[in-house]
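# Breakdown of the fold
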Amino acid sequence: MGMEPNARKPGIMRYERQKGRGMPPLKQTTKPVIYFAPMEGITDGIFRRVHHELFGGADVYCLPFHKLTQSMSLLTREIRDISPEENEGMNVLPQALTRDPEQLSAWLYYVSECGYSCADLNLGCPSPTVTRRGRGSGMLRDPDELRFFLDRLFANTLPVSLSVKTRIGYESAEEWPGIAEILAGYPFAHVTIHVRTTREQYTGGIHPEAFELALQKRIPHPVYNGDLRTTEDVNNLLVRCPAAEAVMIGRGFLADPALGRRIRGGEAAGKDELRAWYTALYEGWKERFQGTIALGRIKKLMEWPCEGDIKKKRLLRRADTIESCIHAAIGE
Ligand SMILES: Cc1cc2nc3c(=O)[nH]c(=O)nc-3n(C[C@H](O)[C@H](O)[C@H](O)COP(=O)(O)O)c2cc1C
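Small disclaimer: the values here were computed from a predicted structure and weren't measured. (Residues numbered from 1 in each chain as written. Predicted model: local features only at pLDDT ≥ 70, side-chain atom pairs only at ≥ 80, totals over all residues.)

## Thoughts on the overall build of the protein chain
Broken down by element type, the protein chain carries 14 helices and ten strands. Over its C-alpha trace the protein chain gives a radius of gyration of 20 Å, about what one expects of a compact globule, namely 20 Å for 332 residues. For the C-alpha atoms alone, the extent of the protein chain along its principal axes is close to 60 × 45 × 40 Å. Taking all 332 residues of the protein chain together, 43% fall into the buried category. Intrachain contacts of the protein chain at a sequence separation of at least 6 include 75% that bridge at least 24 residues. (Helix = DSSP H or I, 4+ residues; strand = E, 2+ residues; numbered from the N terminus. Rg over C-alpha atoms; globule rule 2.2 N^0.38 Å. Buried ≥ 20, exposed ≤ 12 C-beta atoms within 10 Å, placed from the backbone. Contact = placed C-beta atoms within 7 Å.)

This is the structure we're talking about:
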């Protein structure tokens, strides 16, 4: 196969062309760089904007994946999510889920047209519906196929730089040295490593030594991901791996939206701030969807700050207004 640098499959025109202004490139001097993890169904444009305005502390917001298809078309919500209007004033990193280098290449042109300079490939999604089709972390199953895919992809000049988000194996962490060797051989802008295997999903023990191996193997700009919930977790990682340049945080941000700010030495979130946070999210989601969906999303999000607190969780389960949800989560 071979796509000319500017070649476009006819179907790509079905992507709605965007006339956005370019996102500023990431200029980062304060370490570590903090990536807000993509979380499908949670970290949409409304969430990102409200978080950026109220708390900040994340250097890059990662967009939940676009599931690429043979029809080369995107869902309306995916088109909105990547649009420059939805991401005004933020550094964002769009992400694709595909096992087809042509699809990915065409999508990268679209990303470039939207005004972005970097995009991410998902090699980490552990969902069986995704991996069964050989996508997401299903691509880690067969190292030869992964290499073949990357060879075809990088055979031509890409219109934007490419990063990748991976796990450390499919069945076992013993697969990681081989996968790391492969990833180290391609010019990725950065490589985010969720330090678990596909089998381990998102819970149970992590394998921080896999990140150390990534540093040793000279994987380009490794980004650590996995169970960073507190400033202490981040500090411990930096003590263990002083060469770590960047971290990606997901659930830690859901439980504590001020986590990024605190990592930078700032204040913890006050109750008024949290009230403003949940209220603004609810209002935003209510306007975009409808009241019951917005409340459902708020309740799902609040499960994180209520984690481990039986009383709060019980109150949250019973809550049926935004006020009663806020009362459950922050006690006011
Ligand atoms: C509800 C949910 C949705 C997710 N969606 C995506 C996604 O679209 N793309 C992706 O690369 N990772 C996705 N992830 C994985 C997170 O980005 C992150 O890697 C994971 O939560 C582990 O990081 P953490 O321990 O800091 O939470 C998702 C995770 C959750 C819990």
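## Remarks on the site of the ligand
The environment of the ligand is formed by 22 residues, the closest being Ala 37, Glu 40, Pro 64, Gly 250 and Arg 251. When grouped by side-chain class, the residues that make up the shell around the ligand number nine nonpolar, nine polar and four charged. (Near = placed C-beta within 6 Å. Nonpolar A, V, L, I, M, F, W, Y, C, P; charged D, E, K, R; others polar.)

## Overview of the environment of Val 92
Among the secondary structure elements, Val 92 is positioned in strand β4 (residues 92-93). Separated by 63 residues in sequence, Val 92 and Ala 155 place their C-alpha atoms 26 Å apart.

## Quick notes on the confidence of the model for the protein chain
Put simply, the protein chain has an average pLDDT of 91, and 91% of its residues get 70 or more. In the model, residues 1-25 has pLDDT below 50 throughout and makes 48 contacts with residues more than four positions away in sequence or in other chains. (pLDDT = per-residue confidence, 0-100.)

## Remarks on the sheet that holds strand β10 (residues 246-249)
Where strands meet in a sheet, backbone hydrogen bonds hold them as pairs that are either parallel or antiparallel. Pairing within the open sheet is parallel, and its ten strands lie in the order β3-β5-β6-β7-β8-β9-β10-β1-β2-β4. Two strands close off the open sheet at either side, each with one partner strand: β3 (66-67) and β4. Relative to strand β7 (residues 161-167), strand β6 (residues 118-123) runs parallel, the two being bridged by six bridges. Considered in β7, the bridge of Ala 119 is made with Leu 162. (Pairing = 2+ DSSP bridges.)

## What to know about the packing of helix α6 (residues 176-183) against helix α7 (residues 208-216)
The N-to-C vectors of α6 and α7 enclose an angle of 35°; their axes lie 10 Å apart at closest approach. Pair α6 / α7 crosses with right-handed handedness. Counted together, Trp 176, Pro 177 and Ala 180 of α6 and Ala 210, Leu 213 and Ala 214 of α7 form the full contact between these two elements. Here the contact of α6 with α7 is composed, by residue class, of six nonpolar, no polar and no charged. (Axes fitted to C-alpha atoms, helices over the stretch in contact; angles between N-to-C directions. Left-handed = near helix turned anticlockwise from the far one by under 90°.)

## A closer look at the environment of Val 160
Mapped onto the fold, Val 160 is located in the loop between α5 (143-154) and β7. In this structure the C-alpha to C-alpha distance between Val 160 and Val 111, which are 49 residues apart in sequence, comes to 7.7 Å. Apart from residues lying up to four places away in sequence, Val 160 is in contact with Leu 108, Val 111, Ser 112, Tyr 116, Ser 117, Cys 118 and Ala 119.

## Description of the pairing of β10
Both strand β1 (residues 33-36) and β10 contribute to a ladder of four bridges, which runs parallel. Of the residues in β10, the one forming a bridge with Tyr 35 is Met 248. Bridge count between strand β9 (residues 222-225) and β10: three bridges; the pairing is parallel. Bridged to Val 223 within β10 is Ala 246. Each parallel crossover has a hand, and the one from β9 via helix α8 (residues 231-240) to β10 is right-handed. (Right-handed = clockwise from strand over helix to strand, strands pointing away.)

## Digging into the domain arrangement of the protein chain
The domains assigned to the protein chain are domain 1 (33-263) and domain 2 (271-330). Computed over C-alpha atoms only, the centres of domain 1 and domain 2 are separated by 27 Å. Across the boundary between the two partners, domain 1 contributes nine residues, which contact twelve residues of domain 2. Looking at the side of domain 1 that touches domain 2 element by element, the count peaks at four residues for helix α1 (residues 45-54). In the side of domain 1 that touches domain 2, the residues fall into eight nonpolar, no polar and one charged. (Domains from an automatic or database assignment.)

## Topic: the nonpolar core
Counting 91 residues, the largest nonpolar core has Tyr 35 and Ile 298 as its most contacted members. In terms of residue count, the dominant contributor to this core is helix α3 (residues 101-113) (seven residues). Not counting residues within four places of it along the chain, the set of residues in contact with Tyr 35 comprises Asp 59, Val 60, Cys 62, Val 223, Ala 246, Val 247 and Met 248. (Core = buried A, V, L, I, M, F, W, Y, C linked by C-beta atoms within 7 Å.)

## Looking at the pairing of β6
Counting buried residues along β6, six of its six residues qualify, which places the element largely inside the surrounding structure. Residues of β6 alternate between two faces, with Cys 118, Asp 120 and Asn 122 on one and Ala 119, Leu 121 and Leu 123 on the opposite face, all of them buried. The pairing of strand β5 (residues 95-97) with β6 spans two bridges and is parallel. Each residue of the ladder has a partner; that of Gln 95, found in β6, is Asp 120.

## Looking at helix α12 (residues 291-302)
Compared with an ideal rise of 1.5 Å per residue, which puts twelve residues at 16 Å, α12 spans 16 Å between its outermost C-alpha atoms and is within 8% of the ideal. Looking at α12, one finds that the buried residues are Ala 294, Leu 295, Arg 297, Ile 298, Leu 301 and Met 302. In a view along the axis of α12, the buried residues occupy a sector of 160°, so they form one face of it. Along α12, the residues that are exposed and aim more than 90 degrees away from the buried face are Thr 292, Ile 293, Gly 296 and Lys 300. (Expected span 1.5 Å × (residues − 1). Arc of directions from axis to C-beta.)

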